[in-house]
Amino acid sequence: MTPRRKDQDRTAPMAEGRRADSARRRQRVIKALNDANTAGEEISVSAIARKAGVDRTFFYRHRDLLAQLHALEAQPTNAPGGGPAVSRASLQADLANAQARSARLDARVRQLEKKLSEVLGEQAWRESGLGAPDDVEQLKQQIISLEQQVVDLRLRVEERDEELDAARAANRELMSQINTSSER
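Quick caveat: nothing in here was measured; it's all calculated off a predicted structure.

Visitor: Any chance you could explain the overall build of the chain here in plain terms?
Guide: A tally of helices and strands in the chain yields 6 helices and 0 strands. Along the chain, from the amino end to the carboxyl end, the secondary structure elements read α-α-α-α-α-α. Within the chain, the proportion of its 184 residues that are buried is 12%. Expressed as a percentage of contacts within the chain between residues at least 6 apart in sequence, the contacts between residues at least 24 apart total 45%. Of the roughly 15,000 Å² of accessible surface on the chain, 54% is carried by carbon and sulfur atoms.

Visitor: When you look at the pattern of salt bridges in this model, what are you seeing that I'm missing?
Guide: Side chains that carry opposite charge are capable of pairing whenever their charged atoms lie near each other. Tallied over the entire structure, the rule returns 6 salt bridges. Notably, a salt bridge pairs Arg-19 with Glu-16, separated by 3.3 Å at the nearest N-O pair. Separated by 3 residues within a single helix, Arg-19 and Glu-16 lie in helix α1 (residues 3–39), roughly one turn from each other. Residue class for Arg-19 comes out exposed when judged on its relative accessible area of 52%. A salt bridge links Lys-51 to Glu-41; its shortest N-O distance comes to 2.7 Å. Of this pair, Lys-51 sits in helix α2 (residues 45–52) while Glu-41 is found in the loop between α1 and α2, placing the two residues 10 residues apart along the sequence. What you see here is one network of salt bridges that share partners, running through Asp-21, Arg-24 and Arg-25.

Visitor: Help me understand the side chain of Ser-44, please; the structure alone is not making it clear to me.
Guide: Structurally, the position occupied by Ser-44 is in the loop between α1 and α2. Taking the relative accessible area as the measure of exposure, Ser-44 reaches 13% and is therefore buried.

Visitor: Is there a simple way to think about the nonpolar core in this case?
Guide: Nonpolar side chains tend to gather and get buried jointly when the protein is soluble and globular. Core analysis: the largest hydrophobic core is formed by 16 residues, its most contacted members being Val-29, Leu-33, Ile-43, Ile-48, Val-54, Phe-59 and Leu-69. Of all the secondary structure elements, the ones that give two or more residues to this core are α1, α2, α3 (57–61) and α4 (63–74). Once residues lying within four places of it in the same chain are set aside, the contact partners of Phe-59 are Val-29, Val-45, Ile-48, Ala-49, Leu-65, Leu-66 and Leu-69.

Visitor: Explanation requested: helix α5 (residues 88–127) in the structure shown.
Guide: Every α-helix carries 3.6 residues per turn, so stepping three or four residues along brings you back to the same face. Compared with the 58 Å implied by 1.5 Å per residue over 40 residues, the 57 Å span of α5 between its first and last C-alpha is a close match. Just past α5, the residue Gly-129 takes up positive phi, approximately 85°.

Cut-offs and rules
- Residues numbered from 1 in each chain as written.
- Predicted model: local features only at pLDDT ≥ 70, side-chain atom pairs only at ≥ 80, totals over all residues.
- Heavy atoms only, no water.
- Helix = DSSP H or I, 4+ residues; strand = E, 2+ residues; numbered from the N terminus.
- Buried < 20%, exposed > 50% of the residue type's maximum accessible area, 1.4 Å probe, protein only.
- Contact = heavy atoms within 4.5 Å.
- Areas by Shrake-Rupley, 256 points an atom, 1.4 Å probe, with all protein chains shown as cover.
- Salt bridge = Lys/Arg side-chain N within 4 Å of Asp/Glu carboxyl O.
- Core = buried A, V, L, I, M, F, W, Y, C linked by side-chain atoms within 4.5 Å.
- Expected span 1.5 Å × (residues − 1).

See the structure below:
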């Protein structure tokens, strides 16, 4: 016998034992999957591995079992309680909706905190005596009124300037007519 053949003869029972152990584990996983599906229990890699007494990596070495697990995981549960079935997709949709609502509420809280900060800051500014006097609104109205008066006065000045320019032009024409008629 060659040394290689001798080693193969000694390892053959170990390999056969390993295959038998793997087959027993597969059977336990299949049974755990069926039991969990029938009972409406959680179907996940961790839950089924725990129930079958195998390591989670067992599923990743046996892709057919992983595919079967994912197929059952995506189906609605057969809960014996008779209530509505909950699927993984509906739970994920609920989670996405809850996260979106949480984001909206966070944005609203930040907005309200900013507004509160502004109001409290303005109140503290006024109470400290450093702030503007209470008649600021009255002064703002007066500024607007005065600005309007300035605009009106500018328009009147422009109109008078135009009238004055027209009168000067008429005077020049009259003077030139008088000068031309006295020279003849």
